[in-house]
Amino acid sequence: MNPITKEGERLLREELKKLKSEDRPKIIDAIATAREFGDLKENAEYHAAKEQQSLTEARIRDIESKLSNSQIIDINMDEGLLDSENAMEFFLRMIASEPDISRVPIMIDSSKWSVLEVGLKNIQGKGIVNSISLKEGEEEFIKQASIIKKYGAAVIVMAFDEEGQADSYDRKVEICLRAYKILTETVGFLGQDIIFDPNIFAVATGIEEHNEYALSFINAAKTIKEKMPEVHVSGG
């Protein structure tokens with residue numbers, strides 16, 4: 001990836017300064033004003049201001065990520081009062097016209113498949129979907145993975161199946177191996193386009209049941225790389 005140009009950095013810093021000093025307070029004032037009138041759930045001005053605030057804050061984070069030489073920009077629009085699908089579409093189209101932003105790979109991050117699919121339709125180049133799992137069964141997993149592959153994106157796969165999240169070494173490895181076999185043999189994914197997240201649970205809590213969580217993750221990550229060397233491993 002080419003480094004940001006000096007002119008590009010100057011323009012981004014100017015925009016960042018403007019967003020932080022001018023636009024953001026106005027948006028927050030609009031939200032505060034809207035709160036004074038009736039039921040917020042029915043207040044169109046409130047929802048518009050809230051959505052604009054979220055988009056502005058996302059833009060600020062994007063610029064800061066770019067200026068810090070981030071290798072991937074994660075975009076998440078999951079917020080209770082947002083129309084997440086429209087917000088994702090609007091924001092991705094907005095940054096697509098910014099060369100110094102859009103050249104960085106985009107990670108579409110959402111717990112809603114509908115938002116992920118909208119994101120896939122509105123990114124340039126090769127993106128990353130965060131995330132899918134076997135939680136709803138193999139049929140749905142294959143359907144979602146096939147759509148992701150159609151758009152040429154990479155995918156994060158959570159160690160989660162029909163029985164729940166994997167909290168032990170054996171379960172983490174078992175689920176990831178199962179998902180890998182489906183993705184590569186049924187869907188046709190390349191191994192290098194698969195990123196496994198074997199789940200990091202709470203550590204250092206002092207609760208005895210949590211004592212093995214960190215070790216389970218570390219050992220599972222090692223085994224996953226040994227058995228499937230071309231895949232990547234992420235911890236979240």
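Below is a summary of the structure that appears in this document. Keep in mind that this is a model prediction, so the values were computed, not measured.

### Considering the overall build of the chain
Within the chain, the regular secondary structure consists of eight helices and eight strands. Expressed as a percentage of its 236 residues, the buried residues of the chain come to 43%. For the chain, contacts bridging at least 24 residues in sequence account for 67% of all contacts bridging at least 6. Approximately 12,800 Å² of the chain is accessible, and the part contributed by carbon and sulfur atoms is 49%.

### Thoughts on helix 8 (residues 213–227)
For helix 8, with 15 residues, the first-to-last C-alpha span of 21 Å sits near the 21 Å given by 1.5 Å per residue. Along helix 8, the residues classified as buried are Tyr213, Ser216, Phe217, Ala220, Ala221, Thr223 and Ile224. As for helix 8, its buried residues are in contact with helix 7 (169–187), strand 7 (194–197) and strand 8 (232–233).

### Re the environment of valine 104
Turning to its location among the elements, valine 104 is positioned in the loop between helix 4 (99–102) and strand 2 (106–109). In this structure, the C-alpha to C-alpha distance between valine 104 and isoleucine 73, residues 31 residues apart in sequence, is 6.7 Å.

### Side note on the sheet that holds strand 4 (residues 154–158)
Pairing within the open sheet is parallel, and its six strands lie in the order 1-2-3-4-7-8. Edge positions in the sheet fall to strand 1 (73–76) and strand 8, since each has one partner strand and no second. Note that strand 3 (residues 128–132) and strand 4 share four bridges and pair parallel. Along strand 4, the bridge assignment pairs asparagine 130 with isoleucine 156.

### Considering unusual backbone geometry
With an omega dihedral of 10°, the bond running from asparagine 130 to serine 131 counts as a cis peptide bond. The residue serine 131 is located in strand 3 in this model. If you check the backbone angles, asparagine 199 has positive phi at about 75° while not being a glycine. Residue alanine 204 is not a glycine yet carries a positive backbone phi of 55°. Taking relative accessible area as the criterion, alanine 204 reaches 83% and is therefore assigned exposed.

### Overview of the nonpolar core
One finds Ile75, Met77, Ile148, Val157 and Phe196 to be the most contacted residues of the largest nonpolar core, which totals 45 residues. Per element, the largest residue contribution to this core is seven residues, and it comes from helix 7. Formed by five residues, the second largest nonpolar core is a distinct cluster that contains Met107, Ile128, Ala154 and Ile195.

### Describing the packing of aromatic side chains
Per the stated rule, a full pass over the model turns up one aromatic pair. Aromatic side chains phenylalanine 201 and tyrosine 213 sit 5.1 Å apart centroid to centroid with 40° between the ring planes, which places their arrangement in the tilted category. Taken together, the residues phenylalanine 201 in the loop between strand 7 and helix 8 and tyrosine 213 in helix 8 connect sequence positions 12 residues apart. By relative accessible area, which is 22% here, phenylalanine 201 ends up partly exposed.

### Section: helix 7
Given a rise of 1.5 Å per residue, 19 residues ought to cover 27 Å, and the 26 Å separating the end C-alpha atoms of helix 7 matches this to within 8%. Looking at helix 7, one finds that the buried residues are Arg171, Lys172, Val173, Ile175, Cys176, Ala179, Tyr180, Ile182, Leu183 and Val187. The inward-facing, buried residues of helix 7 abut helix 6 (138–150), strand 4, strand 5 (160–161), strand 6 (164–165), strand 7 and helix 8. One or two residues past the end of helix 7 sits glycine 188, with phi positive at roughly 90°.

Reading the values: rules and limits
- Residues numbered from 1 in each chain as written.
- Predicted model: local features only at pLDDT ≥ 70, side-chain atom pairs only at ≥ 80, totals over all residues.
- Heavy atoms only, no water.
- Helix = DSSP H or I, 4+ residues; strand = E, 2+ residues; numbered from the N terminus.
- Buried < 20%, exposed > 50% of the residue type's maximum accessible area, 1.4 Å probe, protein only.
- Contact = heavy atoms within 4.5 Å.
- Areas by Shrake-Rupley, 256 points an atom, 1.4 Å probe, with all protein chains shown as cover.
- Expected span 1.5 Å × (residues − 1).
- Pairing = 2+ DSSP bridges.
- Core = buried A, V, L, I, M, F, W, Y, C linked by side-chain atoms within 4.5 Å.
- Phe/Tyr/Trp six-rings, centres within 6.5 Å; stacked < 30°, edge-to-face > 60°.

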